[in-house]
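Report on the structure
Okay, here's what each chain looks like letter by letter:
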Amino acid sequence: MSVRFVFSKSSGDAAGSGLTGDPDLGAAAPPPPGGRARPFAALAGTVRVLRLVWGVDARLTGWLGAAIVVAGLVPVVTAATVRVLVNAVLAAVAGKGGGPLDVRLPGFAFDLPAMPTGTAVVVLVAVQFTAAQLGGIAAAMRSGTQQLLQERVTQDVRARIMDHAAGLELAFFERGKSYDLLRQAQQEAAIRPVGMVSSAFGLLQNLIMFTGLAVLLVTVSPWLALLALLAPVPAFIADARHGTQAFLLSTLAAPARRRMDYLSTLLTTDQYAKEVRLLGLGGYLTSRFRLIGDRYYQRLRTQVRRRQTAAALWGSLSTVVGAGTYLYIALAAVNGRLTLGDLMLYTAAALTLQAAIQAIFSALSTMHESTLYLDQLFALLAVRPQVAAGALPVGGSAPRITFDNVSFRYPDATEWALREVSFDLADGATTALVGTNGSGKSTVVKLVCGLYQPTEGRILIDGVDLCSYDPALLRSRTAAMFQDYVTYQATVRENVGLGAVDRIEDTKAVTTAMAGADALRILKGLPGGMETMLGRWFGRGTELSGGQWQRVALARAFMRPEATLLLLDEPSSALDARAEADLFTRLADLSDRRTVVYVSHRFSTVRHADQILVLDSGRLVETGTHTTLVDKPGGTYADLFRLQAAPFLDPQPD
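Predicted, not measured: the structure shown is a model, and the values here were computed from it. Within every chain, residues take consecutive numbers counted from 1 along the sequence as written. Under the rules for a predicted model, residues below a pLDDT of 70 receive no local features and side-chain atom pairs below 80 are neither given nor counted, while totals for whole chains, interfaces and linings still include all residues. Computation of side-chain values covers all heavy atoms of the structure but excludes hydrogens and water.

**Quick word on the pairing of strand β6 (residues 456-461)**
As a reminder of what qualifies: At least two DSSP bridges between two strands are needed for those strands to be called paired. The way it works is that DSSP assigns letters per residue, a run of H or I at least four long becomes a helix, a run of E at least two long becomes a strand, and they are numbered from the N terminus.
Sheet analysis places strand β3 (residues 401-408) next to β6, joined by five bridges and oriented antiparallel. Considered in β6, the bridge of I401 is made with I461. Inspection of the sheet shows β6 paired to strand β7 (residues 464-465) by two bridges, in the antiparallel sense. In the strand pairing of β7, L460 is matched with D465. With antiparallel pairing between neighbouring strands as the criterion, β6 and β7 make up a hairpin whose turn holds two residues, including D462 at a positive phi of roughly 55 degrees.

And the structure:
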């Protein structure tokens, strides 16, 4: 199928539509401070990773550290032993065996006790065997503990993200940039800690190995050791710079990758399956996914080619230095300044030292890149509510709610959702919110339960600013069902019990809540009754109708009998007329000792409210009861009522 795409950009988000937003990633942002200019800041990142890992599991971290120390020392011990062993054998061949075995280190030398050559060989081979065994044990211990630690760290990071996200203001989730930050943190949380832990502890092991081998190499030439150390530095700096570019590309691509996730979700979840298939959108959405993916791939391919080309070119410098080191050692042995044992020692040391240095800088480069991603994680965890939480306790009686000249607009929006709205809801009264779509009714509900703070004005609970109350206590005294209620992929019991999670296993409480929402009848058609799995994401579950799901969501709101504030946003939109009438009859009984606010477009239910608030374009235009509003000349409520009643009042044609 040939598809022509028209790209769009909305005024509120440069990324544009989730379907037709411009797939080009745009120009790269400047590198973050300290990234390109200070690649050795990766060392600070290593400390942060080790602190994070230690906090997750100190015991496993300790065992891993011990294994790394042993693994790092084994090559040093092996190299030093080879020198002594070869010199002892050569001395015996020359007829000078049995003497003391000399060990030379930078700045000092000492002799091992004299012993027969055969005994010396056995002892030295035993030392090498022991070192090799310890190295094998250390490698196995490192592999096992690192695997376990990586899983612990990954789970801990993801749990931190979830826990922190649960405490963020709803306004945070209204911004596209917030979703990009969340997506990067969540996506990298599954893989990045593994690389960080591996790189951090690999860095430590190679540092130990490097230190020991450098000490041996210094006995040949301090300048040679310094040259071996400095040779990989340019390659490291180049790779660190390209690592920064890789991070910037990932950040730049976050909106596009999030759009790809959205397109994939449209085709792979049951939430959209019916309409997507009915409209035949599969080819369109897949083509769009491929288009965005290709644009990202082109940028990624260019970045990877540059990085690997630079790595190959600068890596040749280390090769030249390594060859020069071998030449220097060989000439020194030919000139008699080194023994054959010295030659073998220093050749092995130089070879391993080069590998250790390259591994160190490679780990530093990886840590540098990981640190940039780690900054994203800590940036997310550093987000705090813009309004400080209060500490006042919430009273146990139905609250009186006052809007004092409240105006509100959603984050990054230019238009007001509410403008200069003032009203008073008496304690224990039932109030209905009426108005056309987009008039601000749902916004009022969100503000009443503290999910948003007013942009201007105040919301008072019993005469006290809502911000002064403890938000957790305030929400615990609030029961709500929103227009876009959640359909949890869980059992009926769990779907209802989540309304009061501490009573999720209380069958009596769940049954009472379901009875209040007239949802018990749903159980009759379910194979497992209350334990029936709803939804098909996790096994052979049962799918409910829209009206049944709405009853379950309403029952979830009724799981809090101690709630003194009940908020219902379109609680009967999916119910038939008889079920709706029954619901509001029950609601009259359930609203005892509660302040109730509900949104409804059906005037057959609105007319029974103690007070009706009529909203239009974000402003409160009328207040009263059904009786006072329905006959008001030119009134908004009266017009809406007549429009809805007209089909039932007009005479039908024969």
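Picking up after the structure, the text goes on.
**A short note on the environment of L523**
We apply this condition: Note on contacts: a residue pair qualifies if any of its non-hydrogen atoms lie within 4.5 Å across the two residues.
Among the secondary structure elements, L523 is positioned in helix α16 (residues 520-523). Each C-alpha atom, one on L523 and one on V492, is 8.5 Å from the other, the two residues being 31 residues apart in sequence. Apart from residues lying up to four places away in sequence, L523 is in contact with V492, M514, G529 and M530.

**Here we look at the sheet that holds strand β9 (residues 565-569)**
Here is the rule: Lines fitted to C-alpha atoms define the axes here, with helix axes fitted over just the stretch in contact, and angles between the N-to-C directions of these axes take values from 0 to 180 degrees.
Strand order in the open sheet made by the six strands is β8-β9-β10-β5-β11-β12, with mixed pairing throughout. Looking at strand neighbours, the two that pair on one side only are β8 (478-481) and β12 (619-624), the edges of this open sheet. Looking at each pair of strands side by side, their axes are set apart by 15 degrees on average, direction ignored. Sheet contacts for helix α12 (residues 441-448): β5 (430-435), β9, β10 (595-599) and β11 (611-616); angle to β5, the most-contacted strand, approximately 145 degrees. Strands β8 and β9 of the sheet are contacted by helix α17 (residues 546-557), whose axis makes an angle of about 170 degrees with β8.

**Considering the nonpolar core**
In plain terms, the rule: Only buried residues count toward a nonpolar core, which is a set of Ala, Val, Leu, Ile, Met, Phe, Trp, Tyr and Cys residues joined through side-chain atoms within 4.5 Å. Only protein chains enter the accessibility calculation, which uses a 1.4 Å probe; a residue is then buried when its area is under 20% of its type maximum, exposed when over 50%, and partly exposed in between.
One finds V496, M514, I612 and Y637 to be the most contacted residues of the largest nonpolar core, which totals 42 residues. Aside from chain neighbours lying at most four places away, what touches I612 is A432, V434, V606, E622, T623, G624, T625, H626, L629 and Y637. I401, V406, F423 and L565 belong to the second largest nonpolar core, which has 28 residues in total.

**Digging into the pattern of salt bridges**
To keep it simple, the criterion reads: When a carboxyl oxygen of Asp or Glu is within 4 Å of a side-chain nitrogen of Lys or Arg, the pair counts as a salt bridge.
Evaluated as defined, the whole model comprises ten salt bridges. Of the charged contacts, one joins R400 and D424 as a salt bridge, the two residues approaching to 2.9 Å between their closest N and O atoms. Linking R400 in the loop between α11 (340-381) and β3 with D424 in strand β4 (residues 418-425), this pair joins segments that are 24 residues apart in sequence. Taking the relative accessible area as the measure of exposure, D424 reaches 30% and is therefore partly exposed. Here R493 ties to E531 by a salt bridge, and the two come within 2.7 Å at their closest N and O atoms. Placement of R493 in helix α14 (residues 492-497) and of E531 in the loop between α16 and α17 is noted, with a sequence separation of 38 residues between them. The class for R493 is buried, based on a relative accessible area of 10%.

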